[in-house]
Amino acid sequence: MPSIETVKFPSVSGATLAGVVDVPDGEVRAWAVFAHGFTLGKNSAAASRISKALARHGIGVLRYDAAGLGSSTGDWSETTFSTKVDDIKQAAAFMAESGRPISLLIGHSLGGAAVLGAIGSLEEVKAVVTISAPFEPSHALHLLDEAMDDVEREGIGEVTLGGKRLQVRKQLVDDLRRADLSACIHGMHRPLLVMHSPTDQTVGIDNAGQIFETAKHPKSFISLEGSNHLLTDKVQTDRAALLIAAWADQYLPAG
């Protein structure tokens, strides 16, 4: 059975990010980083189950909590989409420094948008996977409606997301509005797998179409038929991991 290694590494914000590496039992085919959604975390259904399942297929995965979430230090309200992108680069650097350079980059929901923003700086990455990702990071702003009046008027507001009461600052709102991934996607020059449920009620399937159309070949699309946005069904996450492992095999380093 795969094992779990607890790790820590620095965020660009100065916080300490807490993560785990799901380590395959036996030969390691490749190493990967998994970026979770907006306010989810390393133990969310998509992050934990897909990472554990990939480890069973020989792909070791680092998943971690963003600053101010889970076991990581720092203040979530001080983060932005840009810091989420930069912390993916920090995660990749940590893996390289520990002798486990990554070949695969995976992102779920807003984490999927973030990996598209980070990939241009990560030459070691051979392939990229997005799961239920928005084409425009500003799509996440609808989750902040509760706080927007206060943010626009006072520069800060509060919102409940995933059962957590969080502060939202104008710097996050402005950064989400400014972010444009079109050039990143068009110029990534890496194989891309876009995975999305046609019945996703949080991030519509049209986002997958926009990402796919903007990217150059080689690119692939897999429909996560029957899945919800958070991939809370274990059967679906195991299936997603199996499909990712099979797709990525042709792009990973030779064993």
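Placed above this text is the structure.
Residues numbered from 1 in each chain as written. Predicted model: local features only at pLDDT ≥ 70, side-chain atom pairs only at ≥ 80, totals over all residues. Heavy atoms only, no water.

### What about the sheet that holds strand β1 (residues 3-10)?
Applicable threshold: For two strands to pair, DSSP has to find at least two bridges joining them. Working definition: helices are DSSP H or I runs of at least four residues, strands are E runs of at least two. Numbering for both runs from the N terminus. Orientation is described by axes fitted as lines to C-alpha atoms, over the contacting stretch for helices, and by angles from 0 to 180 degrees between their N-to-C directions. Contacts are assigned to residue pairs that have any heavy atoms within 4.5 Å of one another.
Judged by pairing direction, the sheet is mixed, and its eight strands sit side by side in the order β1-β2-β4-β3-β5-β6-β9-β10 without closing on themselves. Single-partner strands in this sheet number two, and they are β1 and β10 (219-223). Averaged over all adjacent pairs, the angle separating strand axes in this sheet is 20°, with direction ignored. Where strand β9 (residues 192-196) meets β10, five bridges bridge the pair, whose relative direction is parallel. Within β10, the position partnered with H196 by the bridge is S223. Sheet strands touched by helix α1 (residues 45-56): β1, β2 (16-23), β3 (30-35), β4 (59-64), β5 (104-108) and β6 (127-131). Its angle to β4, the strand with the most contacts, is close to 160°.

### Topic: empty space enclosed by the protein
Vacant regions in the atomic arrangement are exposed by a probe of water-molecule size rolled over the atoms. The condition is simple: Think of a 1 Å grid over the protein atoms and nothing else: a 1.4 Å probe that fits but is trapped marks a cavity, an open set flanked by protein within 12 Å on at least five of seven lines marks a pocket, and residues with an atom within 4 Å of a point count as lining. Grid points are joined across faces, edges and corners, and a volume is the space filled by probe spheres set on the points. Residues are sorted three ways: Asp, Glu, Lys and Arg are charged, Ala, Val, Leu, Ile, Met, Phe, Trp, Tyr, Cys and Pro are nonpolar, and all the rest, Gly among them, are polar.
All told, the structure shown has one cavity of 30 Å³ or more when counted by the stated rule. Taken as a whole, the largest cavity encloses approximately 170 Å³ of empty space. Lining the largest cavity are 15 residues, with A66, T79, T80, T83 and K84 positioned closest to its centre. With four residues, helix α2 (residues 81-97) is the largest single contributor of residues to the lining of the largest cavity. Here the lining of the largest cavity is built from residues that sort into nine nonpolar, four polar and two charged.

### Some points on the layout of surface pockets
Roughly 310 Å³ of internal volume is contained in the largest pocket. Taken together, 18 residues form the lining of the largest pocket, with F38, S109, L143, T202 and H229 sitting closest to its centre. Looking at the lining of the largest pocket residue by residue, the classes come out as nine nonpolar, eight polar and one charged.

This is a description of form; function is not addressed.
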